[in-house]
Amino acid sequence: LAPCANTNTRQGRQLRQLLSWSERLLWEELGLPLPAVEVAQAKSNLGRDGFMVSLHGVPTIQGVVPSSQVVALAPRATLESAGVQPQGEASLPGVAPPAWLVPEAAAATLRTSGLELLEGPALLALHLTDTVRRHAPELLGVQETQDLLDLLGRSRPALVQEVVPRRLSLPDLSLLLGELVAEEVSIRDLGQVLEAVASLRGDIPCPPALTELVRRHMGRAISTRLAARDGTLRALRLDPAVEEILA
């Protein structure tokens, strides 16, 4: 994986293009700005194919991307019909099966057959994106929240002035946004979040209750994101006894 840390290599350039894709994806889906990413050869002993993702200097995940294999996104039968024997199933964050590990030497043959393959840079980008998703609240500190407010203030200054700091302090807003993204609720429309806070009468409730009120206010946006392409929103009905236990 060492070439991925070098911008002068094909793998290094490809990884940085994929990081730009990750940045757009996280912004579009969660409204979460991706922090600066530093790609470097690890000083620790990760092995030839090992990688590590650290947040704020703290190791978060560690894994292996075999240099002698690539991941083919195709059914096993399709691979075998192309004369390639899968070497094991691949479990990747954000990628639905089927996904199989195949020899790197078979990559050219599979591409000729029109199959989609994932190599080292793409696999690293997937792991990074998943790590950011799972640790999103840690990336929304006071400064990041202020940056988002500054962006919103250009188009809706009155709303920002009404809510922060008159109704809600900057640290409390940061906490609220962190709780929302932890539930994969998008904060891209930050104005809607502030509108929910501005609509409250009386004292602002404690953080968990405030998050619940904001979530209700954003109900249409949340349900639209969860609905199928035809607009159908599937739900599970719980037995009343289970509801009592969970209440």
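See above for the structure.
Cut-offs used in this document
- Residues numbered from 1 in each chain as written.
- Predicted model: local features only at pLDDT ≥ 70, side-chain atom pairs only at ≥ 80, totals over all residues.
- Heavy atoms only, no water.
- Helix = DSSP H or I, 4+ residues; strand = E, 2+ residues; numbered from the N terminus.
- Contact = heavy atoms within 4.5 Å.
- Areas by Shrake-Rupley, 256 points an atom, 1.4 Å probe, with all protein chains shown as cover.
- Lys, Arg positive; Asp, Glu negative; His and termini not counted.
- Charge placed at Lys NZ, Arg CZ, Asp CG, Glu CD.
- Pairing = 2+ DSSP bridges.
- Salt bridge = Lys/Arg side-chain N within 4 Å of Asp/Glu carboxyl O.
- Expected span 1.5 Å × (residues − 1).
- Buried < 20%, exposed > 50% of the residue type's maximum accessible area, 1.4 Å probe, protein only.
- Arc of directions from axis to C-beta.
- Core = buried A, V, L, I, M, F, W, Y, C linked by side-chain atoms within 4.5 Å.

Engineer: Tell me about the overall build of the chain, and name the residues and values.
Structural biologist: A count of helical and extended segments in the chain gives 11 helices and five strands. Viewed in the frame of its principal axes, the chain has a C-alpha envelope of about 70 × 45 × 35 Å. Put simply, of all contacts in the chain between residues at least 6 apart along the chain, 63% involve residues at least 24 apart. Working note: accessible area of the chain is about 14700 Å², and carbon and sulfur atoms make up 52% of it. Counting 23 positive and 28 negative side-chain charges, the chain places the averaged centre of each group 5 Å from the other.

Engineer: Describe unusual backbone geometry, naming the residues involved and giving the relevant values.
Structural biologist: Cis geometry is found at the peptide bond from P97 to P98, where omega equals 10°. For P98, the location among the structural elements is in the loop between α2 (76-81) and β4 (100-103). P165 follows V164 through a cis peptide bond whose omega is 5°. As for its position among the elements, P165 is in the loop between α6 (157-163) and α7 (170-182). Even without being glycine, H56 reaches a positive phi, approximately 55°. Note that H56 resides in the loop between β1 (50-55) and β2 (58-64).

Engineer: Give me the lowdown on the sheet that holds strand β5 (residues 117-118), citing residues and values where you can.
Structural biologist: Judged by pairing direction, the sheet is antiparallel, and its three strands sit side by side in the order β4-β3-β5 without closing on themselves. With one partner strand each, in any of the chains shown, β4 and β5 form the two edges of the open sheet. In the sheet, strand β3 (residues 69-72) pairs with β4 via four bridges, with the strands oriented antiparallel. Bridged to V71 within β4 is L101.

Engineer: Describe the pattern of salt bridges, and please don't skip the residues or the numbers.
Structural biologist: In total, this model carries nine salt bridges according to the counting rule given. Its salt-bridge partner being E195, residue R156 comes within 2.7 Å of it at the nearest N-O pair. On the criterion of sequence distance, the pair formed by R156 in the loop between α5 (142-153) and α6 and E195 in helix α8 (residues 190-198) is long-range, its members being 39 residues apart. Here the residues in one salt-bridge network are E183, E212, R215 and R216, joined through shared partners.

Engineer: I'd like a rundown of helix α4 (residues 120-134), residues and numbers included.
Structural biologist: The α-helix advances 3.6 residues per turn, and as a result positions three or four apart in sequence lie on the same side. Counted at 1.5 Å a residue, the expected span for α4 with its 15 residues is 21 Å, and the 21 Å between its end C-alpha atoms agrees. Where burial is concerned, most of α4 is hidden: 12 out of the 15 residues are buried. The set of residues buried in α4 consists of G120, P121, A122, L123, L124, A125, L126, H127, L128, T129, T131 and V132. Lining the buried residues of α4 we find α1 (10-30), β1, β2, β3 and β5.

Engineer: I'd like to hear about α1, residue by residue, with values.
Structural biologist: In a regular helix each residue adds 1.5 Å, so 21 residues correspond to 30 Å; α1 covers 30 Å between its end C-alpha atoms and thus fits that length. Among all positions of α1, only G12, L15, L18, L19, S22, L25, L26 and L30 are buried. Along the axis of α1, the buried residues cluster in a sector spanning 125°; they form a single face. In the core, the buried residues of α1 are packed alongside α4 and α7.

Engineer: So, the nonpolar core: which residues are in play, and what are the values?
Structural biologist: Residues L176, L194 and V214 are the most contacted members of the largest nonpolar core, which totals 55 residues. Counting only elements with at least two residues in this core, the list comes to α1, β1, α4, α5, α6, α7, α8 and α9 (207-217). Tallying contributions element by element places α4 first for this core, with seven residues. Residues L79, V102, L110 and L117 belong to the second largest nonpolar core, which totals 12 residues.

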